[in-house]
Amino acid sequence: MAPSQPVRKLVTATDSTSNDDRLPTMLRSVRCDPESLQRMKDDQVVDLIRDTDAEISKLQAVQLRAIANLSVRRRREPSAASEVALALSITEHRARAIVSAASALIVRLPRMLNLMDDGRLDLYRAMKVTDATAWLSQEHIGTVDATLEDRVPGRNATQVRRAATYAAAQADPEGAALRTEQKLIERRLALHHQDTGVTHISVNNAPTEKATAAYARIDRAARALKTPQEARSLDQLRADVAMDLLLSGAGGPSERTEVFLHIDLDTYLGLSETPAALAGRGPIAAAVARNIIGGPNTALRRVLTDPRTGQALELSPTRYPLHQDEFIRVRDQECRQPGCTRPAQNCGIEATRPVGGVEGTAEQPVTYCSRHRRLKRQPGWDYEVTSDGTVNVATPAGQVHSTTPPSIQPEQRRGNRSRKKTRK
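Not measured: the values here are computed from a predicted model.

Colleague: Quick question: what am I supposed to make of the overall build of the protein chain here?
Modeller: If you tally the helices and strands in the protein chain, you get 15 helices and 13 strands. Relative to its 424 residues, the protein chain shows a buried fraction of 39%. Contacts in the protein chain between residues at least 24 apart in sequence constitute 50% of all its contacts with a sequence separation of at least 6. Accessible surface, the protein chain: about 24,400 Å² in total, of which carbon and sulfur atoms supply 52%.

Colleague: So what exactly am I meant to see when it comes to the packing of helix α4 (residues 92-107) against helix α6 (residues 123-133) here?
Modeller: Packed helices, taken two at a time, are described by their axes: the angle between them and the distance between them. One can describe the packing of α4 onto α6 by two numbers: an axis separation of 10 Å at closest approach and a directional angle of 75°. The orientation of α4 relative to α6 falls into the category roughly perpendicular. In contact with R94, A97, I98, A101, A104 and L105 of α4, α6 contributes L123, A126, M127 and T130. Within the contact of α4 with α6, the residues separate by chemical class into eight nonpolar, one polar and one charged.

Colleague: Sorry, what's going on with unusual backbone geometry here?
Modeller: For residues besides glycine, phi is generally negative; the peptide bonds are generally trans as well. Within the chain, R75 stands out as a residue other than glycine whose phi angle is a positive 60°. Position of R75 relative to the elements: it lies in the loop between α2 (42-73) and α3 (79-88). Even without a glycine there, the phi angle at Q333 is positive, about 70°. Summarising the element assignment, Q333 is placed in the loop between α14 (324-332) and β8 (348-352).

Colleague: Could you clarify how one ought to interpret the side chain of N392 in this entry?
Modeller: Residue position: N392 is located in strand β11 (residues 391-394). Overall, N392 belongs to the buried group, its relative accessible area being 12%. Polar side-chain contacts of N392 include one of 2.5 Å to the side chain of S402. When near neighbours in sequence (up to four residues on either side) are disregarded, N392 contacts V355, D382, Y383, E384, T386, V400, H401 and S402.

Colleague: I'm lost on the sheet that holds strand β5 (residues 282-284) in this one. Help?
Modeller: Backbone-to-backbone hydrogen bonds join strands into a sheet, with any given pair of strands oriented parallel or antiparallel. Spatially, the three strands line up as an open sheet ordered β3-β4-β5, and their pairing is antiparallel. Taken across any chain shown, the strands that pair with only one partner, and hence form the sheet edges, are β3 (261-262) and β5. Bridge analysis of strand β4 (residues 276-278) against β5 gives three bridges, and the strand direction is antiparallel. The residue bridging L278 from the neighbouring strand is G282, located in β5.

Colleague: Help me out: how do you make sense of α6 in this one?
Modeller: Every α-helix carries 3.6 residues per turn, so stepping three or four residues along brings you back to the same face. By the criterion of burial, α6 is predominantly enclosed, with eight of the eleven residues buried. For α6, the complete set of buried residues consists of L123, R125, A126, M127, V129, T130, A132 and T133.

Colleague: What's the story with α3 in this structure? I'm lost.
Modeller: Restricting attention to buried positions, one finds in α3 the residues A80, A81, V84 and A85. Buried positions in α3, seen along its axis, are confined to an arc of 140° and lie on one side of it. Summarising the geometry of α3, the exposed residues directed more than 90 degrees from the buried face are L86 and A87. Tucked into the core, α3 has its buried residues touching α2 and α4.

Colleague: Help me understand the packing of aromatic side chains, please; the structure alone is not making it clear to me.
Modeller: What characterises a pair of aromatic rings is the spacing of the ring centres plus the angle enclosed by the ring planes. In the structure shown here, the tally under the stated rule is one aromatic pair. An angle of 90° between the planes, with centres 5.6 Å apart, marks the rings of Y368 and Y383 as edge-to-face. With Y368 in strand β9 (residues 364-368) and Y383 in strand β10 (residues 382-385), this residue pair connects regions lying 15 residues apart in the sequence.

What counts, and where the lines are drawn
Residues numbered from 1 in each chain as written. Predicted model: local features only at pLDDT ≥ 70, side-chain atom pairs only at ≥ 80, totals over all residues. Heavy atoms only, no water. Helix = DSSP H or I, 4+ residues; strand = E, 2+ residues; numbered from the N terminus. Buried < 20%, exposed > 50% of the residue type's maximum accessible area, 1.4 Å probe, protein only. Contact = heavy atoms within 4.5 Å. Areas by Shrake-Rupley, 256 points an atom, 1.4 Å probe, with all protein chains shown as cover. Axes fitted to C-alpha atoms, helices over the stretch in contact; angles between N-to-C directions. Parallel < 35°, antiparallel > 145°, perpendicular 65-115°, else oblique. Nonpolar A, V, L, I, M, F, W, Y, C, P; charged D, E, K, R; others polar. Polar contact = N/O pair within 3.5 Å; in protein donor to acceptor, adjacent residues only side chain to side chain. Pairing = 2+ DSSP bridges. Arc of directions from axis to C-beta. Phe/Tyr/Trp six-rings, centres within 6.5 Å; stacked < 30°, edge-to-face > 60°.

As structure tokens, then:
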């Protein structure tokens, strides 16, 4: 008879252990018996992933304080980054970025550092804030730090960057416009030869509306070429179409390409400097938005919104005929999957089951990108939409993530975040 194995007890959320002690105990249990993960329920595994991430954020806050302390000890010499790079086995470029972030969080953004202490913001997302606000003066940074305190927890990195960019532009609209002008002055075409016989070519600091429109044209031409007989992937086709366009101008048909800019009337008239928003990109300075609107090929549409929520209610045609699908894309702005920022004009429209829907109840059309249209059909995933347009996405672990309908009014977009709860 084989010797009996010691019985290892799996600690779960129902054990009489304090919250502070539960995670270390569970981690020790998993280390001693990796198979214990197999005995957990889905929601326990997801909770473990989230709890460990919170602990990592807390440890990163301690590490940042140590890095900033080391930098002060080294009289803020650049060599401090080299020291950090060696200690952490990372590149000096990455180490310089972390040293800079550590200093910014401690001196300029203490509320963001406090969020890290609480396990509500990790280093990666915190650096999105430090990067987006690095240009702000000491006069404005405190206001932005306080503004973001309630806006960044629970948001992914792209959403954090957008929130920080918007708050910075709102605090100093003149500085935001000057920063964009300076970046445009620095635009350039870059060529990087690599050692594998291939080369990387890029246009840096191009005007956002032109770069977005150029990518949309390339993407449309590539998708038209993606037939069942075409062996190339979409990424390969996009690269080939882009090169053909640069070399011969024959990479695809010349056609009208749309980007969606959301701007309020006061900003459009120059009565306000409230930042506008470019779908798929996020906030842009008011002056930049007005410059885009002044372009020769710009078509303006009047969008009627709910004054309480800023959500689109009606879209009127001007130069081009109006279709129902077009209104849905203007209304949704981006893919409605929580956290996805793909522009709605590049998304498909798919019927979604209403909450509590019964047979015969009309489904509601909602925009989803191709990736999340596929996800919607995967086993264990469930999508539904409420009467006010909120999309609820239930994961296989039974957790529900919700997104409220986006607002046309930029200052109300902060309410459009993912809300999480566990489905019983």
